[in-house]
Amino acid sequence: MYFKMSIAAQLGAVLLLLWLHYSSVSCQAVPAKPVKVYDYSNGPYGPANWGNFPGWEKCKTGSQQSPINVTRDVVVRIPLDVAYKWEPVASDIYNDGHTPTVEVLVKNAGVVTISGVKYELVDFHFHTPSEHRILGQSFSMEQHLVHKSADGKIAVIALFYNLGPLASKFLAQFFDKLPPYTPPYVRTPINIQLPLLQHNSYYRYDGSLTTPPCDEGVVWIVLDQISSLSSDQLQKLKASKPEDNARPLQARNGRKVTYSTK
Ligand SMILES: [Zn+2]
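Here the structure is a predicted model, which means the values were calculated and not measured.

Caption draft 1: Highlighting the nonpolar core. Grouped together as the largest cluster of nonpolar side chains are 48 residues, with contacts concentrated most on Val156, Ile157, Trp220, Ile221 and Val222. When contributions to this core are tallied by element, the ones reaching two or more residues are strand E4 (89-95), strand E5 (100-104), strand E7 (117-127), strand E9 (141-148), strand E10 (154-163), strand E12 (202-208), strand E13 (216-229) and helix H4 (231-239). Ignoring anything within four residues of it in the chain, the contact list for Trp220 reads Ser66, Val156, Ala158, Arg204, Tyr205 and Gly207.

Here's what the structure looks like:
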């Protein structure tokens, strides 16, 4: 039957094969704006493939990636040196297409000092479910408070939330007006009372950004503090994101986690 196909049919078959070939190749092509183009699916833009894009190689080749399951490998007593302003601070809230983000516009609104280096609060955002785990346990939501030192080093404080009977007063300040994840990405001024970081126990380890470009050299402070949020608040957060946005756990590669008790 094949040999009796008309010239036109054969040409059509070749064109179809060419189209299939190039359309499958284009799925792996470099997106025009790689900074925004990633997702959490099993597809070509999902976490397993982030490292295939130029500039994001660390997502695949890095040896100190985040998140991880934190454990108590070394136990110390070093109180967390953190100072957050009590009064509301001027901020902008916007959606970056993955999560609502609050950028703090006030200098020294939040400062954490780690091994003598001062890191200043820049912005914070959210992941559902949690990215890190504590002793194997995951949580409904994880907030990342991103801090930067004068020479550009990054320290992130991770704060967990679980569904509970009480709504979070901190989240209630802005969860009624979370910006949508669809463009245009408008920045809206807002005054925020920063979260209350209790001087609890915490985990510390060396890791990376949990989103592309997955840069390493990030100091992680994972608070042993579980806050409560209501199901209504969790629904509002999920509605402001296109999908769950938790990167899978990464290999420890011999890294030790320090646990500081009170
Ligand atoms: Zn994050």
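Caption draft 2: Layout of the pairing of E4. Every second residue of E4 is oriented toward a common face, the buried set being Val89, Ser91, Ile93 and Asn95 and the non-buried set Ala90, Asp92 and Tyr94. Pairing of E4 with strand E11 (residues 188-192) involves five bridges; the strand directions are antiparallel. Looking across to E11, one finds that Ile93 is bridged to Thr188. Pairing of E4 with E5, which is carried by five bridges, proceeds in the antiparallel orientation. Residue pairing for E5: Ser91 is matched across the bridge by Val104. Hairpin connection, E4 to E5: the antiparallel pair is bridged by four residues, and Gly97 has positive phi, about 95 degrees.

Caption draft 3: A look at the environment of Cys214. Within the element layout of this structure, Cys214 appears in the loop between E12 and E13. Between the alpha carbons of Cys214 and Lys58 there is a distance of 5.8 Å; along the sequence they are 156 residues apart. Setting aside anything within four residues of it in sequence, one finds Cys214 in contact with Trp50, Trp56, Lys58, Cys59, Gly62, Gln65, Ser208 and Leu209.

Caption draft 4: Seen up close, the environment of Lys262. Counting through the fold element by element, Lys262 comes out in the segment after strand E14 (258-260). Setting aside anything within four residues of it in sequence, one finds Lys262 in contact with Asn200 and Ser201.

Caption draft 5: A look at the pairing of E7. Pairing of E5 with E7 involves three bridges; the strand directions are antiparallel. Looking at the pairing, Thr101 lines up with His125 of E7. Strand direction decides the pairing type here: strand E6 (residues 110-114) and E7, joined by four bridges, are antiparallel. If you follow Val112 over to E7, its bridge partner there is Tyr119. Judged from the seven bridges that link them, E7 and E9 form a sheet pairing that is antiparallel. Considered in E9, the bridge of Leu121 is made with His147.

What counts and how
- Residues numbered from 1 in each chain as written.
- Predicted model: local features only at pLDDT ≥ 70, side-chain atom pairs only at ≥ 80, totals over all residues.
- Core = buried A, V, L, I, M, F, W, Y, C linked by C-beta atoms within 7 Å.
- Buried ≥ 20, exposed ≤ 12 C-beta atoms within 10 Å, placed from the backbone.
- Helix = DSSP H or I, 4+ residues; strand = E, 2+ residues; numbered from the N terminus.
- Contact = placed C-beta atoms within 7 Å.
- Pairing = 2+ DSSP bridges.

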